[in-house]
Amino acid sequence: DQQVKQNSPSLSVQEGRISILNCDYTNSMFDYFLWYKKYPAEGPTFLISISSIKDKNEDGRFTVFLNKSAKHLSLHIVPSQPGDSAVYFCAASKDGGTSYGKLTFGQGTILTVHP
Amino acid sequence: GAVVSQHPSRVICKSGTSVKIECRSLDFQATTMFWYRQFPKQSLMLMATSNEGSKATYEQGVEKDKFLINHASLTLSTLTVTSAHPEDSSFYICSAIGPTADTQYFGPGTRLTVL
């Protein structure tokens, strides 16, 4: 079963606007969540993460929000830039709040930022 | 940041042959590496956890006799797909726990096509 879901396969946004990527999970044992960015023919690169004890983490243009009761997290990118165009994967871990245990990935969302 | 390489980046083989994929941590030692597989339009699925000097731990449903993993050194893990069949065609990605154990670093992936 798909324990981490990204229900939007694609998202198109105008440059300068906000991009909001969503992710839902079903396993309440997950305690650490990550977002990865992936370009074609490359491996995923780490963007930002959040522990289950927090509800928000911000790093520059990237902010991740976590709603534990809804088992939902989102990644906000503002302002969006054309270079942000890539596939974004949401991932979850249940290894005691670490980012280096086994990761369960969502299906990914293709973000396209138009100039 | 830490760099993980994979070789080859792309391989085409005939059904019934074996293919070896290498994963190297270039500027750090990785006691633990992970192997993932990604089918088109699907998420990255963890296949196995590779620990240096010990046997790999396989996820449920992954045949250990078909996907042989060897982690003989702190910088190299290999995945051998034995007696490959067309259904093994996929994108294989490895990752390694970073030098400060803060996150996983992913390789660029290997596209395997079995004819």
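Structure shown above.
Residues numbered from 1 in each chain as written. Chains lettered and ligands numbered in written order. Predicted model: local features only at pLDDT ≥ 70, side-chain atom pairs only at ≥ 80, totals over all residues. Heavy atoms only, no water.

Chemist: Could you clarify how one ought to interpret the overall build of chain A in this entry?
Modeler: Looking only at helices and strands, chain A has 0 helices and 11 strands in total. Moving toward the C terminus, one meets the helices and strands of chain A in the order β-β-β-β-β-β-β-β-β-β-β. With the C-alpha coordinates of chain A rotated into their principal frame, the extents come out at 40 × 30 × 20 Å. Across the 115 residues in chain A, those meeting the buried criterion constitute 46%. For chain A, contacts bridging at least 24 residues in sequence account for 56% of all contacts bridging at least 6. In the form shown here, chain A has an accessible surface area of approximately 5,500 Å², with 50% of it arising from carbon and sulfur atoms. Each charge class in chain A can be summarised by its mean position, and for the 11 positive and 10 negative side chains these summaries are 3 Å apart. (Helix = DSSP H or I, 4+ residues; strand = E, 2+ residues; numbered from the N terminus. Buried < 20%, exposed > 50% of the residue type's maximum accessible area, 1.4 Å probe, protein only. Contact = heavy atoms within 4.5 Å. Areas by Shrake-Rupley, 256 points an atom, 1.4 Å probe, with all protein chains shown as cover. Lys, Arg positive; Asp, Glu negative; His and termini not counted. Charge placed at Lys NZ, Arg CZ, Asp CG, Glu CD.)

Chemist: Sorry, what's going on with the environment of T113(B) here?
Modeler: All names here are of chain B. Examined against the element boundaries, T113 turns out to sit in strand 11 (residues 110–114). Along the chain, T113 and A84 lie 29 residues apart, while their C-alpha atoms are 9.3 Å from each other. Residues in contact with T113, not counting those within four places in the same chain, are V11, I12, C13 and S89.

Chemist: How should the interface of chain B and chain A be read in this particular structure?
Modeler: Many descriptions give the size of an interface as the accessible area lost when the pieces come together. At the junction of the two partners, chain B supplies 19 residues and chain A supplies 18 residues. Between chain B and chain A, a total of about 1,400 Å² is buried, with carbon and sulfur atoms accounting for 59% of that surface. Its largest share of buried area at the contact with chain A, chain B owes to S43(B), L44(B) and F106(B), together 31% of the area lost on that side. In this assembly, chain B and chain A are joined by 1 salt bridge. One salt bridge connects E59(B) with K102(A), and the closest N-O pair in it is separated by 3.2 Å. At the surface where chain B touches chain A, the tally comes to 4 residue pairs in polar contact (both at pLDDT 80 or more). Sorting the residues of the side of chain B that touches chain A by element identifies strand 4 (32–38), strand 5 (44–51), strand 9 (90–97) and strand 10 (104–106) of chain B as the ones contributing at least two each. (Buried area = accessible area lost by both parts, 1.4 Å probe. Salt bridge = Lys/Arg side-chain N within 4 Å of Asp/Glu carboxyl O. Polar contact = N/O pair within 3.5 Å; in protein donor to acceptor, adjacent residues only side chain to side chain.)

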